[in-house]
Amino acid sequence: MALLTARRKAGPNLGTLTSSRADPQRNIDWILLACTALLAVIGVAAVYSSTRPLMLRQGIDPFLYAERQVIFLIIAAAAMAAVMAFDYRWFGERSGALYGATLLALVLVLIVGAVRSGARLSFDVGPIAIQPAEFAKAAVLVVLAWFLAEERSDDVSY
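Cut-offs used in this document
Residues numbered from 1 in each chain as written. Predicted model: local features only at pLDDT ≥ 70, side-chain atom pairs only at ≥ 80, totals over all residues. Heavy atoms only, no water. Helix = DSSP H or I, 4+ residues; strand = E, 2+ residues; numbered from the N terminus. Buried < 20%, exposed > 50% of the residue type's maximum accessible area, 1.4 Å probe, protein only. Contact = heavy atoms within 4.5 Å. Pairing = 2+ DSSP bridges. Axes fitted to C-alpha atoms, helices over the stretch in contact; angles between N-to-C directions. Phe/Tyr/Trp six-rings, centres within 6.5 Å; stacked < 30°, edge-to-face > 60°. Patch = residues over 30% accessible without salt bridge, like charges linked within 9 Å, V, L, I, M, F, W, Y side chains within 5 Å. Areas by Shrake-Rupley, 256 points an atom, 1.4 Å probe, with all protein chains shown as cover. Salt bridge = Lys/Arg side-chain N within 4 Å of Asp/Glu carboxyl O. 1 Å grid on protein atoms, 1.4 Å probe; cavity = no way out; pocket = protein on both sides within 12 Å on 5 of 7 lines; lining within 4 Å. Points joined across faces, edges and corners; volume = space filled by probe spheres on them. Nonpolar A, V, L, I, M, F, W, Y, C, P; charged D, E, K, R; others polar.

*Asks:* What is the right way to look at the environment of Leu73 in this model?
*Replies:* With respect to the helices and strands, the residue Leu73 is situated in helix α3 (residues 64-84). Judged by relative accessible area, which is 30%, Leu73 ranks as partly exposed. In the structure, Leu73 is positioned 32 residues away from Val41 in sequence and 9.6 Å away in space, judged by C-alpha atoms. Excluding its chain neighbours within four sequence positions, the residues that come into contact with Leu73 are Ala40 and Val44.

Okay, structure coming up:
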């Protein structure tokens, strides 16, 4: 019985639940990460195999689109690592402010946004067009997830 109650030492395995909350590795779902990496490799292979004949006919490097896909995957992996370094509670505690700022940006884009093809959809910041609607998608997901994750033990259960 003593073996069952003894706490395992935190390590690099899947069972790092006893590690510190400040440890970014604690928040990593290794199985999900491996499946995502496998899908990314399959995606790069699919991009390469579907664009190779056309690129060879045109005399262009057949790896052009596959290389671009790998670059985007590296950028996405860096963004994922940055997000995973934060505890999810940090995002949840700030979800109201994030949602409010996003709503403000959506209203501001209607007032001072750049007009392109007859629509006001973005802010022009130099050569970059920033669309608040893209940030709104993430903000709604975060605030909805935080709302649904809250414990409501005083509510009537059905």
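The structure having been displayed, the exposition proceeds.
*Asks:* Help me out: how do you make sense of the environment of Gly96 in this one?
*Replies:* Take Gly96: it is sitting in helix α5 (residues 95-112). We classify Gly96 as partly exposed; its relative accessible area is 49%. Sequence spacing of Gly96 and Val142 is 46 residues, and the spatial spacing of their C-alpha atoms is 9.2 Å.

*Asks:* Before we go on, may I ask you to explain the sheet that holds strand β3 (residues 128-130) in this structure?
*Replies:* Sheet strands pair by backbone hydrogen bonding; their relative direction is either parallel or antiparallel. In spatial order, the strands read β1-β2-β3; together these 3 strands make up an open sheet with antiparallel pairing. Of all strands in the sheet, those bounded by a partner on one side alone are β1 (114-116) and β3. The sheet shows a mean angle of 55° between the axes of neighbouring strands, direction not considered. With 3 bridges joining them, β1 and strand β2 (residues 119-125) adopt antiparallel strand pairing. Looking at the pairing, Ala114 lines up with Ser122 of β2. Across the sheet, α5 touches β1 and β2, and the angle it forms with β2 is around 95°.

*Asks:* Could you clarify how one ought to interpret the packing of aromatic side chains in this entry?
*Replies:* Note on aromatic pairs: each is described by the distance of the centres and the angle between the planes. For the coordinates displayed, the defined rule picks out 2 aromatic pairs. Between the aromatic rings of Trp90 and Phe91, the centroid separation amounts to 5.1 Å while the plane-to-plane angle is 85°, which identifies the pairing as edge-to-face. Classification of Trp90 by relative accessible area gives partly exposed; the value is 36%. By relative accessible area, which is 27% here, Phe91 ends up partly exposed.

*Asks:* Help me understand a nonpolar patch on the surface, please; the structure alone is not making it clear to me.
*Replies:* A contiguous nonpolar patch, built from Leu104, Val107, Leu108, Leu110, Ile111 and Val112 and spanning about 590 Å² of accessible area, is present on the exposed surface. With respect to the secondary-structure elements, Val107 resides in helix α5.

*Asks:* How do you make sense of the layout of surface pockets when you look at a structure like this?
*Replies:* A water-sized probe rolled over the atoms picks out the places where empty space is left. In this structure, the largest pocket occupies an estimated 240 Å³ of space. Lining the largest pocket we find 12 residues, and of these Val83, Tyr88, Phe91, Gly92 and Val142 sit closest to its centre. Counting residues per element, the ones that place at least two in the lining of the largest pocket are α3, α4 (88-93) and α6 (132-149). Considering each element in turn, the lining of the largest pocket owes the most residues, 5 residues, to α6. Per-class residue counts for the lining of the largest pocket are 10 nonpolar, 2 polar and no charged.

*Asks:* For this particular structure, what's the right way to read the pattern of salt bridges?
*Replies:* Between side chains of opposite charge, a pair can form as their charged atoms come close. Under the defined criterion, the tally for this structure stands at 3 salt bridges. Across the salt bridge formed by Arg116 and Asp124, the nearest N and O atoms sit 3.0 Å from each other. Of the residues examined, Arg116 reaches a relative accessible area of 48% and is grouped as partly exposed. Lys137 is the partner of Glu134 in a salt bridge, and the nearest nitrogen-oxygen pair spans 3.2 Å. Note that Glu134 and Lys137 are positioned in helix α6 at a spacing of 3 residues, about one turn of the helix. What makes Lys137 exposed here is its relative accessible area of 51%.

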